Amino acid sequence: MAVPAFPSADMTALSKTALENHGGAGIFEAIGENRGSLTFDVMREYGAEFSDGSTRYFFGVPTDHGSVIYWMFGAWLDGWGVKSWSDDEEKWIVAENENAVAAFQWLVDAQNDGVLIPNLPKWSDVDTFYWGQNCAMRYHWPSIEVELAVAQEAGQAETPFEIVLAAYPHTEEVGPFHTNSVPGHYTICREPDTAKREAAFRWAYWLGN
């Protein structure tokens, strides 16, 4: 089931200003001219150059927002080559791929090493770190430029403040990818309970009207 929409494609947003001022700007050469080579190893390497483990953290993930589902349980797992559903969309198969554990262990290790903002930050916390050049990478969409303008007007971000949009992070084996489901990377497919399926249809129909 789908609902027609005109979404704003989401991707990785790197703060070029923060990276040039605090270290790790070599990441722009590493990801290539087409910005498609942002691997998890590249994140750790240049994230360590940027982060100090107490005031600056390379990567920020808000946990009070739907993004923790459609980015961290969707695009993040896609980047590790982990499929959510079987081909017939009848079985949840994340646990069958050992990389599912590696994907979340990466986040745990990054937090322990001071590369990931700790303490399960809110969206506003990540905003504060990002606009203040204390976070250099987050997931977002092209309309982040609108938010930047608001932050600059409020004095929360300096001018100029340059953002570089790049592909989602991934392993070397997976390579650059597109989720084909913007922005909802995490989707629940078939549901055996008829009442739930009918309720989902009514909700989608209401959204579409």
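So, a few notes on the structure that sits alongside this text.

Some points on the layout of surface pockets
Taken as a whole, the second largest pocket holds about 240 Å³ of empty space. What lines the second largest pocket is a set of 13 residues, among which Val 61, Thr 63, Leu 107, Leu 116 and Leu 120 lie closest to the centre. Only α4 (67–79) and α5 (99–112) provide two or more residues apiece to the lining of the second largest pocket. Each residue belonging to the lining of the second largest pocket can be placed in one class, and the counts come to 11 nonpolar, 2 polar and no charged.

Re the pairing of strand β1 (residues 11–15)
Two faces make up the sheet, and in a regular strand the side chains alternate between them. With 4 of 5 residues buried, β1 is to be regarded as a mostly interior element. By the bridge criterion, 4 bridges tie β1 to strand β3 (residues 135–140) in an arrangement that is antiparallel. When the sheet's bridge partners are listed, Thr 12 is paired in β3 with Tyr 139. With 4 bridges connecting them, β1 and strand β4 (residues 163–166) associate as antiparallel partners. Paired with Leu 14 across the two strands is Val 164, which belongs to β4.

As for the packing of aromatic side chains
Two aromatic rings, taken as a pair, are described by how far apart their centres are and by the angle between their planes. What the rule picks out here adds up to 13 aromatic pairs. Relative to Trp 80, the ring of Phe 40 has its centre 4.3 Å away and its plane inclined at 15°; by these criteria the two rings are stacked. With Phe 40 in helix α3 (residues 40–50) and Trp 80 in the loop between α4 and α5, the pair connects residues that are 40 residues apart, well separated along the chain. Taking the relative accessible area as the measure of exposure, Trp 80 reaches 11% and is therefore buried. A centroid spacing of 5.8 Å and a plane angle of 70° characterise the contact between Phe 59 and Tyr 139, whose relative ring orientation is edge-to-face. You can see Phe 59 sitting in strand β2 (residues 57–59) and its partner Tyr 139 sitting in strand β3, a full 80 residues away along the chain. Across the pair, Tyr 139 and Phe 59 agree in class, each one buried.

Calculation rules
- Residues numbered from 1 in each chain as written.
- Predicted model: local features only at pLDDT ≥ 70, side-chain atom pairs only at ≥ 80, totals over all residues.
- Heavy atoms only, no water.
- 1 Å grid on protein atoms, 1.4 Å probe; cavity = no way out; pocket = protein on both sides within 12 Å on 5 of 7 lines; lining within 4 Å.
- Points joined across faces, edges and corners; volume = space filled by probe spheres on them.
- Helix = DSSP H or I, 4+ residues; strand = E, 2+ residues; numbered from the N terminus.
- Nonpolar A, V, L, I, M, F, W, Y, C, P; charged D, E, K, R; others polar.
- Buried < 20%, exposed > 50% of the residue type's maximum accessible area, 1.4 Å probe, protein only.
- Pairing = 2+ DSSP bridges.
- Phe/Tyr/Trp six-rings, centres within 6.5 Å; stacked < 30°, edge-to-face > 60°.

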